[in-house]
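Chains, contacts and geometry: an overview
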Amino acid sequence: MNKLMILVVEDDKSVRNLIATTLRTNGYRFTEAPTGEEAIIQASSHNPDVILLDLGLPDMEGIDVIRRVRGWSNVPIIVISARSEDADKIGALDAGADDYLTKPFSVDELMARLRATQRRLAYTNTSAPADSAFVNGALRVDYAANTASVNGEELRLTPIEYRLLCLLAQNVGKVLTHTFITQRIWGKSMESDIASLRVYMAMLRRKIESASGSETQYIQTHIGIGYRMIKL
């Protein structure tokens, strides 16, 4: 399995060196950026497979980096931050981050997160549906364009929200368990992943229902079990 190209965005030199040494030891390619502006330049010029991003940068907030990168790229972004409040985590995830690792962190856990991301990327690249689009009522998922729309209005989805929608669409009518979904989306299934899943599903449902402007229910919650895309 080819190693990923990682962009490390961290202003603390000691932490940046720790991450760089860990990546080098494990055979990953990487490039570094100590500021938000440099990170955006590096992201556009080096086309990394994954971005490791600190939120407390000297020139801008990490969340602003996420929003700017999300304007043109779906690259997986793993936040590594000392901020441990739920509001910070939800803010980063809502802006488009894929994962959140709190400092101080274990290098073993960081490597596990990267391996999980690599498995997700491999799965995404090899599991494109035979049909180019999925249509369910007013909802349309265009797999070729990596977009989704309701009544012709494109939904502004984060990468994880889009992957969740695709997973539900590819299994329309089936109840998918929390464990099944988190394994497919995050490559693992822990309590924290299931908690994140609830947040993402709530945001995804809200965006679909807001665009549809009706009481139509596309995603059904099976309490304690999982979720199902209803066939309309």
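Reading guide: rules and limits
- Residues numbered from 1 in each chain as written.
- Predicted model: local features only at pLDDT ≥ 70, side-chain atom pairs only at ≥ 80, totals over all residues.
- Heavy atoms only, no water.
- Helix = DSSP H or I, 4+ residues; strand = E, 2+ residues; numbered from the N terminus.
- Rg over C-alpha atoms; globule rule 2.2 N^0.38 Å.
- Buried < 20%, exposed > 50% of the residue type's maximum accessible area, 1.4 Å probe, protein only.
- Contact = heavy atoms within 4.5 Å.
- Areas by Shrake-Rupley, 256 points an atom, 1.4 Å probe, with all protein chains shown as cover.
- Lys, Arg positive; Asp, Glu negative; His and termini not counted.
- Charge placed at Lys NZ, Arg CZ, Asp CG, Glu CD.
- Pairing = 2+ DSSP bridges.
- Right-handed = clockwise from strand over helix to strand, strands pointing away.
- Expected span 1.5 Å × (residues − 1).
- Polar contact = N/O pair within 3.5 Å; in protein donor to acceptor, adjacent residues only side chain to side chain.
- Axes fitted to C-alpha atoms, helices over the stretch in contact; angles between N-to-C directions.
- Parallel < 35°, antiparallel > 145°, perpendicular 65-115°, else oblique.
- Nonpolar A, V, L, I, M, F, W, Y, C, P; charged D, E, K, R; others polar.

**A few points about the overall build of the chain**
- The secondary structure content of the chain amounts to eight helices and 12 strands.
- Here the chain has a C-alpha radius of gyration of 18 Å; the compact-globule value for 232 residues is 17 Å, and the two agree.
- When the backbone C-alpha atoms are referred to their principal axes, the chain occupies close to 55 × 35 × 30 Å.
- A total of 232 residues make up the chain; the buried ones form 48% of that total.
- Long-range pairs, those at least 24 residues apart, make up 58% of the contacts in the chain between residues at least 6 apart in sequence.
- Of the accessible surface of the chain, which amounts to about 11100 Å², a share of 49% is contributed by carbon and sulfur atoms.
- When the 27 positive and 28 negative side-chain charges of the chain are each reduced to one mean point, those points stand 6 Å apart.

**Concerning the pairing of strand β4 (residues 77-81)**
- Summarising burial for β4: five of the five residues are buried, a large majority.
- Bridge count between strand β3 (residues 50-53) and β4: three bridges; the pairing is parallel. Bridge pairing links Leu52 to Ile78 in β4.
- Between the parallel pair β3 and β4, the chain is carried across by helix α3 (residues 62-70), and the sense of this crossover is right-handed.
- Taken together, the four bridges between β4 and strand β5 (residues 99-102) define a ladder with parallel strand orientation. The partner of Ile80 across the bridge, within β5, is Leu101.
- Each parallel crossover has a hand, and for β4 linked through helix α4 (residues 86-95) to β5 it is right-handed.

**Brief notes about helix α6 (residues 159-170)**
- When the terminal C-alpha atoms of α6 are compared, their 16 Å separation across 12 residues agrees well with the 16 Å that a helix rising 1.5 Å per residue should span.
- Of all 12 residues that make up α6, 11 are buried, and the element is covered over most of its length.

**Considering the environment of Thr117**
- Its place among the elements puts Thr117 in helix α5 (residues 107-126).
- Residue Thr117 is classed as buried on the basis of its relative accessible area of 1%.
- Measuring from C-alpha to C-alpha, the distance between Thr117 and Asp99 comes to 9.3 Å, with 18 residues separating the pair along the chain.
- Once residues within four sequence positions are removed from consideration, Thr117 is found in contact with Val50, Pro76 and Ile78.
- In terms of polar contacts, Thr117 uses its side chain to reach the backbone carbonyl oxygen of Arg113, at 2.9 Å.

**Notes on the packing of helix α7 (residues 178-186) against helix α8 (residues 191-212)**
- At a minimum axis distance of 10 Å, the contact between α7 and α8 shows a crossing angle of 90 degrees. Relative to α8, the element α7 lies roughly perpendicular. Across from His178, Ile181, Thr182 and Trp186 in α7, the residues of α8 making contact are Asp193, Ile194, Ser196, Leu197, Tyr200 and Met201.
- Residues of the contact of α7 with α8, tallied by class, amount to six nonpolar, three polar and one charged.

Nothing here speaks to function; it is geometry throughout.
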